[in-house]
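Chains, contacts and geometry: an overview
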2 protein chains.
Amino acid sequence: MTPLTPSPGAAPAAFVAVDWGTSSFRGWLMSAEGSVLAESRGSEGMLHCAGAGFAPVLRDHLSRLAAPETIPVLICGMAGARQGWIEAPYLNTPTRLDALHEGAVRVDAGRDIRILPGIAQARADRPDVMRGEETQLLGMIDPAFSGLVCIPGTHSKWVKIEAGAIVEFATYMTGELFSVISQHSILAYAVEAAGQPAANSRPFREGIAAALAAPSGLTSSLFQLRAAQLLGFEQRGDGTDRLSGLLIGSEISDATVRFGRPRRLRLLRAGRLGELYEIAVRERGFDVSADDAEAASRHGLSKAAINIWGAQF
Amino acid sequence: MTPLTPSPGAAPAAFVAVDWGTSSFRGWLMSAEGSVLAESRGSEGMLHCAGAGFAPVLRDHLSRLAAPETIPVLICGMAGARQGWIEAPYLNTPTRLDALHEGAVRVDAGRDIRILPGIAQARADRPDVMRGEETQLLGMIDPAFSGLVCIPGTHSKWVKIEAGAIVEFATYMTGELFSVISQHSILAYAVEAAGQPAANSRPFREGIAAALAAPSGLTSSLFQLRAAQLLGFEQRGDGTDRLSGLLIGSEISDATVRFGRPRRLRLLRAGRLGELYEIAVRERGFDVSADDAEAASRHGLSKAAINIWGAQF
């Protein structure tokens, strides 16, 4: 929630960029050149706002940012979901990332506030959706980029991009399964409460190796994690790392079946989870180049804002 | 909890058989020939008794069964776990099923009360444990049986038996994952609360087919289940069946990698879950012969009781 104080003589504020997720709000006061003048963060994500309302939460953050009343606001993420503020209908694959702003939906309010759309893969055999990651992708790639991108998270995404267009993607429930299984299943007895996986431990690497060696065996490997402790092969302190390795390894194993194994992989990193994925995908033989996920969001919002309002900045 | 009233002139009571699981107690007053004279059931499983004590719960059920004070009691299941009443240490694979009674541990009490051991696969690469299923297996097979057995449940087991000995087995967290995912993950929005999977529905069969077609793709298929509903390809009413199909299909897919695909499969059926598995394994091409799981428990306890006390019956 701490606003950055703009330094004297900084570029003037041109717009406000907002990444509004399921459980978090991140807003930035931006210059026309895409530099950050102030920042405001909070835990008022979609789940919170579904009850409390979106408008008052945004108003508070705008006032913390000291955003001039005349500048517009561009939002990406779950605020545009059907259960969000205003639905910004999905664009369907294949879709060029630099056309994202064309699907923005305007909120009916005094200020010019728009929400970017998510992207849907509307195929009965591989239905999938994203909201927020498309803006990160827009921010991280060149307009002519072709390649494979991995975006770790609660619902990790693997995205195949051809000449600047998303052609196919897949979501893995890795992060959410980690949390649900470690809290609510018998494995709660096999992991440390509130344990954070260590980025480079033996059990983490063994979990990845086990998942790669038995690609279909996840639901059995999960029980083995518990049995290994009952039989004295492992300690409870190993559980969090091994569980993390099994789930991330299972995701990578399937993603390489689905998207092949190009030499290079772009990874959108955020925090500890980003470190874990970087180790795991290198283990799988990828040449990784990593970008910062949050900077990518901001950069994507800036690119779209310039497409929408550039002339008036 | 309803005791059966022994019919006049029935065989005399020889022993009490108890299947004492994590969350249930099932006791039977048995004749020397293995017929059931009375039955008493309750929800006082290991989890309950860890606090309330095992001895008083058993005493209550023995009195409901009107069990003569002179007859012994044989118990299988989680009551023999380390967190149970008295630990009955695991026998290690490979182990003959008809040697199970040799590992029975006697509870220090006035009456002759013994608990059968579980079985461990004490291999660092495939650690696994069972408690209760070994007694069902003893009950269902002939002493010379060779073949593959599937025991559906919260923690499903696939067991390879050679000439009456368990040589290898694998546990799948299928039932528990179904419950945890449908209650605590985002899929709670995609399944009906307290929904019971239907045994032969289209989404159930499609879930199985999807799991068999993409053996490594479980954590992605789970998200697709939600996305299919967001995009209008499926209804929420389909969610429970599809989730069940995906998880059971994933189990069967891996079990056939691990144990091969013998023509015949023995299935230990109990209730609705048994029906679902019977459909799913037939779909996979097995010739199935199904036995009743509870009768198998009772029969296994009888075989072991005769081995222990047969001379005095």
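Residues numbered from 1 in each chain as written. Chains lettered and ligands numbered in written order. Predicted model: local features only at pLDDT ≥ 70, side-chain atom pairs only at ≥ 80, totals over all residues. Heavy atoms only, no water.

Now for the overall build of chain A. Broken down by element type, chain A carries 9 helices and 15 strands. Relative to the compact-globule value of 20 Å for 313 residues, chain A shows a C-alpha radius of gyration of 21 Å, a close match. Dimensions of chain A, computed from C-alpha atoms along their principal axes, come out at roughly 65 × 40 × 40 Å. The proportion of buried residues among the 313 residues of chain A is 58%. Pairs at least 24 apart in sequence give 65% of the contacts found in chain A among residues at least 6 apart. Here chain A displays about 12,100 Å² of accessible surface, and carbon together with sulfur accounts for 50% of that area. For chain A, the distance from the average position of its 30 positive side-chain charges to the average position of its 33 negative side-chain charges is 2 Å. (Helix = DSSP H or I, 4+ residues; strand = E, 2+ residues; numbered from the N terminus. Rg over C-alpha atoms; globule rule 2.2 N^0.38 Å. Buried < 20%, exposed > 50% of the residue type's maximum accessible area, 1.4 Å probe, protein only. Contact = heavy atoms within 4.5 Å. Areas by Shrake-Rupley, 256 points an atom, 1.4 Å probe, with all protein chains shown as cover. Lys, Arg positive; Asp, Glu negative; His and termini not counted. Charge placed at Lys NZ, Arg CZ, Asp CG, Glu CD.)

Time to look at helix α2 (residues 54–64) of chain B. All names here are of chain B. Taken together, the buried positions of α2 are occupied by F54, V57, L58, H61 and L62. Buried residues of α2 fall within an arc of 135 degrees about the axis and therefore sit on the same side. Among the exposed residues of α2, those oriented more than 90 degrees off its buried face are R59 and S63. Buried residues in α2 make contact with β1 (13–20), β2 (25–31), β3 (36–42), α1 (46–52), β4 (73–77) and β8 (113–115). (Arc of directions from axis to C-beta.)

All right, on to the domain arrangement of chain A then. Think of interface size as the accessible area that goes away when the parts come together; that is how it is often given. Residues and elements named next belong to chain A. Assigned domains within chain A: domain 1 (13–141 + 294–312) and domain 2 (174–293). Contact with domain 1, which involves 8 residues of that partner, is made by 6 residues of domain 2. Both faces considered, domain 1 and domain 2 share a buried interface measuring about 650 Å² in area, 51% of it formed by carbon and sulfur atoms. On the domain 1 side of the contact with domain 2, R126, M140 and E294 bury the most area, a combined 64% of that side's loss. The tally of links between domain 1 and domain 2 comes to 0 salt bridges. Counting across the interface, domain 1 meets domain 2 through 7 residue pairs in polar contact (both at pLDDT 80 or more). Residue assignment for the side of domain 1 that touches domain 2 shows that the elements contributing at least two residues are α3 (133–140) and α9 (293–309). With 4 residues, the single largest contributor to the side of domain 1 that touches domain 2 is α9. (Domains from an automatic or database assignment. Buried area = accessible area lost by both parts, 1.4 Å probe. Salt bridge = Lys/Arg side-chain N within 4 Å of Asp/Glu carboxyl O. Polar contact = N/O pair within 3.5 Å; in protein donor to acceptor, adjacent residues only side chain to side chain.)

All right, on to the relation of the copies chain B and chain A then. Once turned by 180 degrees and shifted 0.0 Å along the axis, chain B lies on chain A with an RMSD of 0.1 Å. What the rotation and shift describe, once combined, is the action of a two-fold rotation axis. For chain B, the smallest separation between a C-alpha atom and the rotation axis is recorded for S216(B), amounting to 2.3 Å. A symmetric contact is evident, with 100% of the interface residues of chain B recurring at the interface of chain A. (Least-squares fit on C-alpha atoms with pLDDT ≥ 70 in both.)

Where burial is concerned, most of α3(A) is hidden: 8 out of the 8 residues are buried. Of the residues making up α3(A), those classed as buried are E133(A), E134(A), T135(A), Q136(A), L137(A), L138(A), G139(A) and M140(A).

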